[in-house]
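The residues making up each chain are set out below.
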Amino acid sequence: MMEGNMWLKETIGVIPKNSWAIDPFGYSSTMAYLLKRMGFENMLIQRTHYELKKELALHKNLEYIWRQSWDTYETTDIFVHMMPFYSYDIPHTCGPEPAVCCQFDFARMNGFMYERCPWGQHPEETTQENVKERAIKLLDQYKKKSTLYRTNTLLVPLGDDFRYISIEEAEAQFRNYQMLFDYINSTPELNTEAKFGTLEDYFRTMREEAEKINYSRPGEFGSVQVPGFPSLAGDFFTYADRRQDYWSGYYVSRPFFKSVDRVLEHTLRATEMTMVFLLGFCQRAQCEKLPAGFTHKLTAARRNLALFQHHDGVTGTAKDHVVQDYGMRMHTSLQDLQIFMSKAIEVLLGIHHDKNDQNPSLFAPAQIRSRYDAQPVHQSISANQGTVQSVVVFNSLEQTRNEIVMFIVERPDVTVLDSNWTCVKSQISPELQHNKMKMFTGRHRVFFKASVPAMGLQTYYIANGFVGCEKAKPARLKVSSTGKNSCFAPYSCSKLEDDSVQIRNRYQSLTFDSKTGLLQKVTETKSGSLNVIDMELAMYTSPESGAYLFKPGGDATPITETGSEVVVSEGFLVQEVFSILKTRWAKSPVSHSTRVYICEGSVQEFLIENEYHVELIGHEFNDKELVVRYKMDFDNKRIFYSDLNGFQTSRRETYDKIPLQGNYYPMPSLAFMQESKGTRFSVHTRQSLGAASPKNGWFEIMLDRRLSRDDGRGLGQGVLDNHPMNVVFHLTFESNISSVVDSVSHAGPLSPSLFSHRVGAHLNHPLHAFIAKKPQEISVQPPPRSFSPLTTSLPCDLHVVSLKVPRPLKYTQQNVEEPRTVLILQRRHWDSSYCRKGKSDCSRIDDENLNLLNMFQGLNVLNAKATSLNLLHDDTEMLGYSEQAADVSQGRLVLSPMELHAYKFDLRPVNPS
């Protein structure tokens, strides 16, 4: 949005203030908030549930004020016009009768390429002889439609997808309508004025009328901004267009590319930060060669990510060749961003001060993708005797991170050292893969605890033959079978004998079925409280499902059989259960890992890492939809909460009166449920999926779907281009420490805990790791290398959404007094009734005074001012938070919970060289 809005302003001098979004499949209230904070005044939407449209139309509430659930001061209000009928095309916009409206789509006359009206009556050229009859017939539709709205100003859109492709077509519509309008306007007894106009014309005229006439209803809560209309809060999921056909399938369609989208998003955010620091610390022309040479690729990456946000992009509802194009664009941008970061870290670490864009980098990303449709592969470190290889870790979050990191090594006898060449304890475990004939790849995973500064860099070394440090300690293995998956050095192995197996850390113990490797229960070590989780993988058979629709042909059937290949790895840093599930198919469609971490001072210790490798590939999986179920001993009344855009949560209740597919909801990053005593179970995901609670205590999440048929919503094909992929969840249990909110009587949304926010941030903004391309002799010890740009970690309820140079192509040409950097901050709202696990290194905004001028170490912040989220409005009073933005020039930051604020400023080195 920022990139597009700025392009409009700079290219054609337009600052948009009216949103037109007719084709997304349901609407998020987060979008209304973002648009308001960008300076938008009005929204137009179309695809909402047909029964909801009927209800709103009945009470003339199709135009309303959309307000956020937390807003008590009406600062988030934005005016919304909802279109009333089935579609946005001409047969469904002039009035309630498509057969009549189609007669006024003059591009369907003979001589044009569009199909004729399917209702049998076709448009005809308007003449002096028929204009009266035609005008009255059209006006009858207008009058019927007007009864659904409060004002006398009526909007009638004229067009649809792929229209106005020729001058002749546009002239046919204009010529005929102008003749009809001339008749209507010249006939006083019709009491109507009809004219062409823009969306801006409509909203302006409608608002002017609403100011003169009070359309408010008795007892109605409205808004002072636009009087006469009700205020509504909430979202519009799940969408159905007809006959209980719910569009909940797209929440999961093409999950592989949904995952790539999220990776590109967090990689772009991290790259933008490195760009800011490069330019901020270096004001010399030769230092700007690297960022200046990259600006076109950075802009392309922004636009490729934005392109995939199309309502047929990230949704997975495009044709195969279009998906390929999206995928290749994102893949190219990912590679470009990683190459730039590889070079930028050298400059920031002081290895090369004047890094030229043409010089090859010393570092390569730890994970690479060979193709746009391939899973990322870990680069291995050779770890030959007498050598050391440096690895650099970048933390894009705003707090110092202490967590277990993993690298792949070809030899197990390695030692880990920090930037000061001090020994770091490490663990070695075998690398495992989704292949029951060869589960061990022959490579190894080395784990160690890394500490990385907020928004900074830290260097570590992986050595072989370094005297004085303990080698990585091998994990102990237990395997379900000896033979084809037998152990190898340096691991000691035993056979799984018992019916169950456990892994644990200081805070929790996990019990698994040793025949399947699936999680059964979680015991909290300190309290002894037990949570039955009973994990199950199941498959829907859905012959009527398509890319958009989820239409299961009955309940999902469990697919797991006894006899799975299971490996248990027990180490002092990481413990893991890995299993390739035995199913009725010769090649299992899924393998699964569950891990716990032993890492004091990290959020990792309190979570369970769940990873599914899914391969729904081959015709035997046609019309199948794979789900995982967490079957809890919770009395959640089939109520759960899922997030909207990773920004807020919405309450979801399962209703018997609608089918299962209507009770599925989007889960972009988080869903949680809680039982009556307050225990909360959360699932954080690193990619968008769909979730439901079909039975009391059940949490069901769809992982992938393969569909052979088109579902009649315009795609014209099934979804058969599945790719191998990994889905990662972080599961948490939290105990309520104060009052318990009754989910049934509490109709509003609940907030995640502060700890839950941190878990989600760690999952969706992972550490970025880079490996030196060439090993060095172990005798060569470089100086300590790290980069710490913040004076201190920011509070845990403050999130840096973005730190970027908004106009990189024009950075060097901009006036030195003009702010060239933007910081977007989000203050998280959190539920204080849950224990803040991992709080030892946490502060909160209320605990300290935030000052922008003192935020960066070694950098001066100049010319700071608040701005809109699209950077085009500096009038904070118009945006609704003028009081909070009053002291920004002095550096004082004031944010209310749930708010996003943007600040423009310039960065200069404290002591420029």
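Our subject is the structure that appears above.
None of the values given here were measured: they were computed from a predicted structure. (Residues numbered from 1 in each chain as written. Predicted model: local features only at pLDDT ≥ 70, side-chain atom pairs only at ≥ 80, totals over all residues. Heavy atoms only, no water.)

K.L.:
Would you mind going over the state of the cysteines with me for this structure?
P.N.:
Formally, a disulfide is one covalent bond, and it connects the sulfur atom of one cysteine to the sulfur atom of another. Following the criterion strictly, the structure yields four disulfides and no others. One disulfide in the model links Cys-102 with Cys-117; its S-S distance is 2.0 Å. Taking the sign of the S-S torsion, -100° for the link of Cys-102 and Cys-117, the bridge is left-handed. Here Cys-102 is found in the loop between helix 4 (98-101) and helix 5 (131-146), whereas its partner Cys-117 is found in the loop between helix 4 and helix 5, with 15 residues between them in sequence. (Disulfide = S-S within 2.5 Å. Helix = DSSP H or I, 4+ residues; strand = E, 2+ residues; numbered from the N terminus.)

K.L.:
What is the right way to read the environment of Ser-186 from this model?
P.N.:
The topology assignment puts Ser-186 in the loop between helix 6 (167-185) and helix 7 (199-212). Judged by its relative accessible area of 51%, Ser-186 falls in the exposed class. Taking C-alpha positions, Ser-186 is 34 Å from Lys-53, a pair spaced 133 residues apart along the chain. Of note is the side chain of Ser-186, whose polar atom sits 3.1 Å from the backbone oxygen of Tyr-183. (Buried < 20%, exposed > 50% of the residue type's maximum accessible area, 1.4 Å probe, protein only. Polar contact = N/O pair within 3.5 Å; in protein donor to acceptor, adjacent residues only side chain to side chain.)

K.L.:
Help me out: how do you make sense of the environment of Leu-852 in this one?
P.N.:
Mapped onto the fold, Leu-852 is located in the loop between strand 43 (821-827) and strand 44 (859-867). Taking C-alpha positions, Leu-852 is 6.7 Å from Leu-893, a pair spaced 41 residues apart along the chain.

K.L.:
Would you explain the nonpolar core in this entry?
P.N.:
Soluble globular proteins: nonpolar side chains tend toward being buried together. Ranked by size, the top nonpolar core spans 137 residues in total, and within it Tyr-630, Phe-681 and Phe-729 carry the most contacts. The element that contributes the greatest number of residues to this core is helix 8 (residues 255-281), accounting for twelve residues. Setting aside residues up to four positions removed in sequence, Phe-729 forms contacts with Ile-608, Glu-609, Asn-610, Tyr-612, Val-628, Tyr-630, Val-683, His-684, Thr-685, Leu-689, Ile-701 and Leu-703. Among the nonpolar cores identified, the runner-up in size contains 31 residues, and Met-6, Met-38, Phe-236 and Leu-900 belong to it. (Core = buried A, V, L, I, M, F, W, Y, C linked by side-chain atoms within 4.5 Å. Contact = heavy atoms within 4.5 Å.)

K.L.:
Would you mind showing me how to read the packing of helix 5 against helix 6 here?
P.N.:
Packed helix pairs are characterised by how far apart their axes lie and by the angle those axes make with each other. Look at helix 5 against helix 6: their axes get within 9 Å of each other, and the N-to-C directions meet at 85°. One element, helix 5, and the other, helix 6, form an angle in the roughly perpendicular class. Contact residues: helix 5 offers Val-131, Lys-132, Arg-134, Ala-135, Leu-138 and Tyr-142, while helix 6 offers Tyr-177, Met-179, Leu-180, Phe-181, Tyr-183 and Ile-184. Of the residues contributing to the contact of helix 5 with helix 6, the split by class is ten nonpolar, no polar and two charged. (Axes fitted to C-alpha atoms, helices over the stretch in contact; angles between N-to-C directions. Parallel < 35°, antiparallel > 145°, perpendicular 65-115°, else oblique. Nonpolar A, V, L, I, M, F, W, Y, C, P; charged D, E, K, R; others polar.)

K.L.:
Just checking my understanding: could you explain empty space enclosed by the protein for this structure?
P.N.:
Rolled over the atoms, a probe with the dimensions of a water molecule shows which regions are left empty. Taken as a whole, this structure holds three cavities of 30 Å³ or more when the rule is applied. Its boundaries defined by the atoms lining it, the largest cavity holds a volume of some 60 Å³. Looking at the lining of the largest cavity, the elements that each hand over two or more residues are helix 8 and strand 37 (698-706). In terms of residue class, the lining of the largest cavity is made up of five nonpolar, two polar and four charged. Looking at the second largest cavity, its volume works out to about 40 Å³. Lining the second largest cavity are Arg-254, Phe-257, Phe-308, Asp-312, Gly-313, Gly-316, Thr-317, Ala-318, Val-323 and Tyr-326. (1 Å grid on protein atoms, 1.4 Å probe; cavity = no way out; pocket = protein on both sides within 12 Å on 5 of 7 lines; lining within 4 Å. Points joined across faces, edges and corners; volume = space filled by probe spheres on them.)

K.L.:
Which parts of the structure should I look at to understand the side chain of Glu-700?
P.N.:
Mapped onto the elements, Glu-700 comes out in strand 37. Taking the relative accessible area as the measure of exposure, Glu-700 reaches 0% and is therefore buried. Here the side chain of Glu-700 touches Arg-629 through a polar contact of 2.6 Å, side chain to side chain. Ignoring anything within four residues of it in the chain, the contact list for Glu-700 reads Tyr-540, Val-627, Val-628, Arg-629, Tyr-664, Gly-690, Ala-691, Ala-692 and Pro-694.

K.L.:
Hey, could you run me through the pairing of strand 1 (residues 18-21) in this one?
P.N.:
Regular strands show a simple pattern: their side chains alternate between the two faces of the sheet. Relative to strand 2 (residues 42-45), strand 1 runs parallel, the two sharing four bridges. By the bridge assignment for strand 2, Asn-18 is matched with Asn-42. Once the chain exits strand 1 it traverses helix 2 (residues 29-37) before rejoining the sheet at strand 2, and the crossover so formed is right-handed. (Pairing = 2+ DSSP bridges. Right-handed = clockwise from strand over helix to strand, strands pointing away.)

K.L.:
Help me understand the packing of helix 8 against helix 9 (residues 289-308), please; the structure alone is not making it clear to me.
P.N.:
Interaxial distance between helix 8 and helix 9 falls to 10 Å at its minimum, and their mutual angle equals 150°. Considered as vectors, helix 8 and helix 9 are oriented roughly antiparallel to each other. For the pair helix 8 and helix 9, the sense of crossing is left-handed. Contact residues: helix 8 offers Phe-257, Asp-261, Leu-264, Glu-265, Leu-268, Thr-271, Glu-272, Met-275, Leu-278 and Leu-279, while helix 9 offers Leu-290, Pro-291, Phe-294, Leu-298, Ala-301, Arg-302, Leu-305 and Phe-308. Split by residue class, the contact of helix 8 with helix 9 holds 13 nonpolar, one polar and four charged. (Left-handed = near helix turned anticlockwise from the far one by under 90°.)

K.L.:
Explain the sheet that holds strand 33 (residues 665-667) here, please?
P.N.:
Strand-to-strand pairing in sheets goes through backbone hydrogen bonds, with the strands running parallel or antiparallel. Read from one edge of the open sheet, six strands run 25-24-30-37-36-33, paired in antiparallel fashion. Because the sheet does not close on itself, it has two edges, and the strands there are strand 25 (557-558) and strand 33. Relative to strand 37, strand 30 (residues 624-631) runs antiparallel, the two sharing eight bridges. Its bridge partner lying in strand 37, Leu-626 is registered against Asp-704.

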